[in-house]
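One-letter residues, chain by chain:
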Amino acid sequence: MGTAYTPGLKVSSKTTIRKTRRLPLKGEVNVKVGDHVLPDTVVARTELPGVMQTVRVAEYLGIEPSEVERVLKVAIGDEVEPGTVLAESRSFFGLFRNECKSPIAGTVEMISPISGHIGIRYKPTLVEVKAYIEGDIVEVLPEEGVVVETTGALIQGIFGVGGERLGEIKVVVAQPGEIVDEDSITDDLAGKVIVAGANITGMAIRKAAGIGVAGIVVGGIIDKDLVDYLGYDIGVAITGHEEIPTTLIATEGFGVMRMAHRTFELLKSLEGRQASINGATQIRAGVIRPEIIVPIKNIVVASVDSSAEQTLELGTRIRIIREPYFGMLGEVVALPPEPVLIESGAKVRTLKAKLENGEDVTVPRANVEIIQE
């Protein structure tokens, strides 16, 4: 029987997880190797310089640029607030006074005798990078960030939106095939990561966001509900930066899709534990998967055998991760040994699969990932 290697979504009850936490530009690292950190521990910080705004002083006062220096009330390096007088001129024997005031808060960085302009830079923006997960610092990247390591459960989804959040896991369905509606979303779920079944309705998503649910983990998402929640069509992009109050993660795909049994059972065994979640997803090059991470120490969780995750065989259940069958589930029915010429002109190894809708398709092996019930 032919077999092949293909990456799959990781659903592990206990694994070593490393997360690199890096500043967008050089700054200060606040921890050292060996430190134990919590998800909200600030491990590094820096300041993003503000943009500069030009104030046309000479034009405003009606004087020559060379005269600006004579009427200045500030100097380079001075901190100013909105309304701070930058320059003041007098006319008609000193009887009339004209002032040029700062429109913003910032620092005077430039005074030009050539143009008669003053440049004021907005105050810098503080950027802090948090640990995201509870764990230990195993590496410091000087002036850039750290690597945090922990042991715990890791569950990857197929698609998500929304950024990093922290919350207690709460399972709101009894079976992985159930659908969650708005009646299941109650006020006591605020701040929690709720685990739904096969689907959650659009109204339930909006209600969850309204009461402050930290995250939703569900088998499938109806694409229209996702668009309604976001307010726009997400297209092909890296997700995770959406300005939404609740992170949403689908473990199986689009539509009403029963959550995989092993995923559901693992999440159930983790109920009541604090989870770090991130909906960031990138399907194409440099794959990024949405994730649920639960650091664990000496607790009993559902045992998940991941040894078979990487073997592709006849009968293996798969999920297609490229168009035109993106998100569809099926079963491998043939593994042709020879490479096949595909539409792009490349010769690649393919597989034949029977999809859940009964359709038989041939797709590149690189376009699928293994799932396991």
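You'll find the structure just up there.
What you see is a predicted model, and the numbers here were worked out from it, not measured in a lab.

### Digging into the overall build of the chain
(1) Moving on: Tallying secondary structure elements over the chain gives five helices and 31 strands in all.
(2) Moving on: At 28 Å, the chain has a C-alpha radius of gyration far larger than the 21 Å of a compact globule built from 373 residues.
(3) Moving on: Overall, the chain is about 100 × 50 × 45 Å in size when its C-alpha atoms are taken along their principal axes.
(4) Moving on: A total of 373 residues make up the chain; the buried ones form 46% of that total.
(5) Moving on: Nonlocal contacts in the chain, meaning residues at least 24 apart in sequence, comprise 66% of its contacts between residues at least 6 apart.

### A look at the sheet that holds strand 10 (residues 106-111)
(1) Moving on: Strand order in the open sheet made by the four strands is 6-11-10-7, with antiparallel pairing throughout. What marks the edges here is a single partner per strand, and that holds for strand 6 (52-56) and strand 7 (79-80).
(2) Moving on: Pairing of strand 10 with strand 11 (residues 117-122), which is carried by five bridges, proceeds in the antiparallel orientation. Bridge assignment links Gly 106 to a residue of strand 11, and that residue is Tyr 122.

### Let's talk about the sheet that holds strand 29 (residues 350-355)
One key point about sheets: their strands pair by backbone hydrogen bonds, in either a parallel or an antiparallel sense.
(1) Moving on: Sheet architecture is open: five strands sit in the order 30-29-26-25-31, paired in antiparallel fashion. Because the sheet does not close on itself, it has two edges, and the strands there are strand 30 (360-364) and strand 31 (368-370). Each strand axis lies, on average, 45 degrees off the axis of its neighbour in the sheet, ignoring direction.
(2) Moving on: Note: strand 29 against strand 30, five bridges, orientation antiparallel. In the strand pairing of strand 30, Lys 352 is matched with Thr 362.

### Observations concerning the side chain of Thr 246
(1) Moving on: Residue placement: Thr 246 occurs in the loop between helix 4 (223-230) and strand 21 (247-254).
(2) Moving on: Given the relative accessible area of 1%, Thr 246 is considered buried.
(3) Moving on: Separated by 2.6 Å, the side chain of Thr 246 and the backbone oxygen of Val 213 make a polar contact.
(4) Moving on: Ignoring anything within four residues of it in the chain, the contact list for Thr 246 reads Arg 165, Ala 208, Ala 209, Val 213, Ala 214, Gly 215, Ile 216 and Tyr 229.

### As for the packing of helix 3 (residues 202-211) against helix 4
(1) Moving on: Running from amino to carboxyl end, helix 3 crosses helix 4 at an angle of 30 degrees, the nearest separation of the two axes being 9 Å. By the criterion of interaxial angle, the relationship of helix 3 to helix 4 is roughly parallel. Along this stretch, helix 3 crosses helix 4, giving a crossing that reads as right-handed. Residues Gly 202, Ile 205, Arg 206 and Ala 209 of helix 3 lie in contact with helix 4, whose contacting residues are Asp 225, Asp 228 and Tyr 229.
(2) Moving on: In the contact of helix 3 with helix 4, the residues fall into three nonpolar, one polar and three charged.

### Some remarks on helix 3
(1) Moving on: Those residues of helix 3 that sit buried are Gly 202, Ala 204, Ile 205, Ala 208 and Ala 209. The arc enclosing the buried residues of helix 3, seen along the axis, measures out at 165 degrees, which places them on a common side. Projecting away from the buried face of helix 3 at angles above 90 degrees are the exposed residues Met 203 and Gly 210.
(2) Moving on: Directly after helix 3, the chain includes Gly 212, whose backbone phi takes a positive value near 95 degrees.

### Comments concerning the environment of Ala 44
(1) Moving on: Mapped onto the secondary structure, Ala 44 falls in strand 5 (residues 42-48).
(2) Moving on: Put simply, Ala 44 and Asp 228 are 184 residues apart on the chain and 36 Å apart in space, counted from C-alpha to C-alpha.
(3) Moving on: Residue contacts for Ala 44: discarding those within four places in its chain leaves Leu 23, Glu 28, Val 29, Asn 30, Val 127, Glu 128, Val 129 and Gly 145.

### Quick notes on the packing of aromatic side chains
(1) Moving on: A complete count under the given rule lists one aromatic pair for this structure.
(2) Moving on: Summarising the aromatic geometry, the rings of Phe 159 and Phe 254 are spaced 5.2 Å apart at their centres and angled 50 degrees between planes, so their arrangement reads as tilted. With Phe 159 in strand 15 (residues 159-161) and Phe 254 in strand 21, this pair connects stretches of sequence that are 95 residues apart.
(3) Moving on: Take Phe 254: its relative accessible area is 29%, and that puts it in the partly exposed class.

### Quick look at unusual backbone geometry
(1) Moving on: At Tyr 132, a residue that is not glycine, the phi angle is positive and equals roughly 75 degrees.
(2) Moving on: Residue placement: Tyr 132 occurs in the loop between strand 12 (125-130) and strand 13 (135-141).
(3) Moving on: Positive phi, close to 65 degrees, is recorded for Glu 143, a residue that is not glycine.
(4) Moving on: By the secondary structure assignment, Glu 143 is in the loop between strand 13 and strand 14 (145-156).

### What about the pattern of salt bridges?
(1) Moving on: Summed over all chains, the structure comprises 20 salt bridges.
(2) Moving on: Two residues, Arg 21 and Glu 164, come together in a salt bridge whose shortest N-O distance is 2.8 Å. Taken together, the residues Arg 21 in strand 2 (residues 11-22) and Glu 164 in the loop between strand 15 and strand 16 (165-171) connect sequence positions 143 residues apart.
(3) Moving on: What makes Arg 21 buried here is its relative accessible area of 11%.
(4) Moving on: Residue Glu 164 is classed as partly exposed on the basis of its relative accessible area, which comes to 40%.
(5) Moving on: Residues Glu 144 and Arg 22 are paired through a salt bridge, measuring 2.6 Å at the closest nitrogen-oxygen approach.

Conventions and cut-offs
Residues numbered from 1 in each chain as written. Predicted model: local features only at pLDDT ≥ 70, side-chain atom pairs only at ≥ 80, totals over all residues. Heavy atoms only, no water. Helix = DSSP H or I, 4+ residues; strand = E, 2+ residues; numbered from the N terminus. Rg over C-alpha atoms; globule rule 2.2 N^0.38 Å. Buried < 20%, exposed > 50% of the residue type's maximum accessible area, 1.4 Å probe, protein only. Contact = heavy atoms within 4.5 Å. Pairing = 2+ DSSP bridges. Axes fitted to C-alpha atoms, helices over the stretch in contact; angles between N-to-C directions. Polar contact = N/O pair within 3.5 Å; in protein donor to acceptor, adjacent residues only side chain to side chain. Parallel < 35°, antiparallel > 145°, perpendicular 65-115°, else oblique. Left-handed = near helix turned anticlockwise from the far one by under 90°. Nonpolar A, V, L, I, M, F, W, Y, C, P; charged D, E, K, R; others polar. Arc of directions from axis to C-beta. Phe/Tyr/Trp six-rings, centres within 6.5 Å; stacked < 30°, edge-to-face > 60°. Salt bridge = Lys/Arg side-chain N within 4 Å of Asp/Glu carboxyl O.

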